[in-house]
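What follows is the residue order along each chain.
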Amino acid sequence: MEYILSVPEIVQSLPTGWTQWAGAIGGAILVGLTGVLPLWVVPEKLGGRPSGPGNDDNLKYLLAFAVGGLLGDVFLHLLPETYQHMIDAGDEAGAGTIGVSVLTGILTFLVLEKVLELSNPETNEELREKENKKIVGYLNLLANCTDNLLHGLAVGTSFLSSFRLGVTTTAAILLHEIPHEFGDFAILLKSGFDRWEAAKAQMSTALVGLMGALLALAFENNNDLETLLMYIL
């Protein structure tokens with residue numbers, strides 16, 4: 001595939017506008033479909049309402065995988081890349097800004113979770129605890145929406161640059177996103193969602209990724225937005 005995309009005669013014969021839109025939309029949909037992959041792979045007993053010792057243990061293993069995947073993504077990918085970008089730009093004072101940004105993100109979601117829990121009007125203690133448990137799942141979906149939006153922008157922007165770069169970017173996002181979606185699925189199950197509710201929630205956030213790809217395609221000739229998107233990505 002890489003060889004085919006690198007042949008100048010083939011690349012030049014492709015209708016540019018059509019391949020950009022088809023590639024970007026197809027790539028965004030493909031990335032979004034990873035959200036339902038856990039539904040087919042994760043054992044059905046983990047998604048049922050009844051819980052038992054065996055089910056709880058299996059869910060703990062899946063949650064441990066989720067935590068490992070998220071922490072690995074942060075400490076082995078995102079933060080090193082951010083600091084490397086700071087070093088390459090010669091911005092030595094940026095280290096403090098990065099640290100403050102990380103702490104701000106953590107505290108923002110912590111405060112938001114506690115505010116939502118305290119503002120719950122439910123008086124029945126059992127129902128209140130059940131609803132508060134789902135707040136973590138909703139916050140995870142909110143973060144997933146942001147993540148998918150950036151993925152869609154990345155896919156759309158890369159296909160605008162070249163079809164080959166778009167395919168490479170989509171493949172890289174898929175490799176990152178598949179374990180991420182398993183982690184999100186585990187968090188939603190632990191928050192009280194059943195399997196189908198979790199899958200539908202995952203697909204809903206995937207629509208935000210498609211919106212990001214369409215946004216990048218729609219404003220391909222807007223230089224200001226292009227600069228902003230490249231800065232964000």
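Rules of the game
- Residues numbered from 1 in each chain as written.
- Predicted model: local features only at pLDDT ≥ 70, side-chain atom pairs only at ≥ 80, totals over all residues.
- Heavy atoms only, no water.
- pLDDT = per-residue confidence, 0-100.
- Helix = DSSP H or I, 4+ residues; strand = E, 2+ residues; numbered from the N terminus.
- Contact = heavy atoms within 4.5 Å.
- Phe/Tyr/Trp six-rings, centres within 6.5 Å; stacked < 30°, edge-to-face > 60°.
- Buried < 20%, exposed > 50% of the residue type's maximum accessible area, 1.4 Å probe, protein only.
- Core = buried A, V, L, I, M, F, W, Y, C linked by side-chain atoms within 4.5 Å.
- Patch = residues over 30% accessible without salt bridge, like charges linked within 9 Å, V, L, I, M, F, W, Y side chains within 5 Å.
- Areas by Shrake-Rupley, 256 points an atom, 1.4 Å probe, with all protein chains shown as cover.
- Salt bridge = Lys/Arg side-chain N within 4 Å of Asp/Glu carboxyl O.

Student: Describe the confidence of the model for the protein chain, listing the residues and the values that go with them.
Tutor: Looking at the protein chain, pLDDT values average 79 and 81% of them are 70 or higher. Considering each helix and strand of the protein chain separately, the mean pLDDT is smallest for helix α1 (residues 2–6), with a value of 39, and largest for helix α9 (residues 195–218), with 90. A low-confidence stretch, residues 1–15 (pLDDT under 50), is modelled with eight contacts involving residues beyond four sequence positions or located in other chains.

Student: How would you explain the packing of aromatic side chains if you had to name every residue and give the values?
Tutor: The full count for this structure, using the stated rule, is two aromatic pairs. Residues Tyr138 and Phe193 carry aromatic rings whose centres are separated by 5.5 Å and whose planes lie at 75 degrees to one another, so their mutual orientation is edge-to-face. One end of the pair, Tyr138, is in helix α7 (residues 125–161); the other, Phe193, is in the loop between α8 (163–190) and α9, and 55 residues separate them in sequence. Taking the relative accessible area as the measure of exposure, Phe193 reaches 8% and is therefore buried.

Student: Run through the nonpolar core, naming residues and quoting values.
Tutor: In this structure, Phe185 and Leu188 are the most contacted members of the largest nonpolar core, which totals 17 residues. In this structure Phe185 touches Pro38, Leu39, Val42, Arg195, Ala198, Ala199 and Gln202, once residues within four positions along its chain are discounted. Counting residues in each nonpolar core, the second largest holds eight residues, with Ala24, Ala154, Phe159 and Leu174 among its members.

Student: An account of a nonpolar patch on the surface is requested, with residue identities and associated values reported.
Tutor: On the surface, Val67, Leu71, Val74, Phe75, Leu76 and Leu78 cluster together to form a nonpolar patch covering roughly 580 Å² of accessible area. By secondary structure assignment, the location of Leu71 is in helix α5 (residues 53–89). Taking the relative accessible area as the measure of exposure, Leu71 reaches 45% and is therefore partly exposed.

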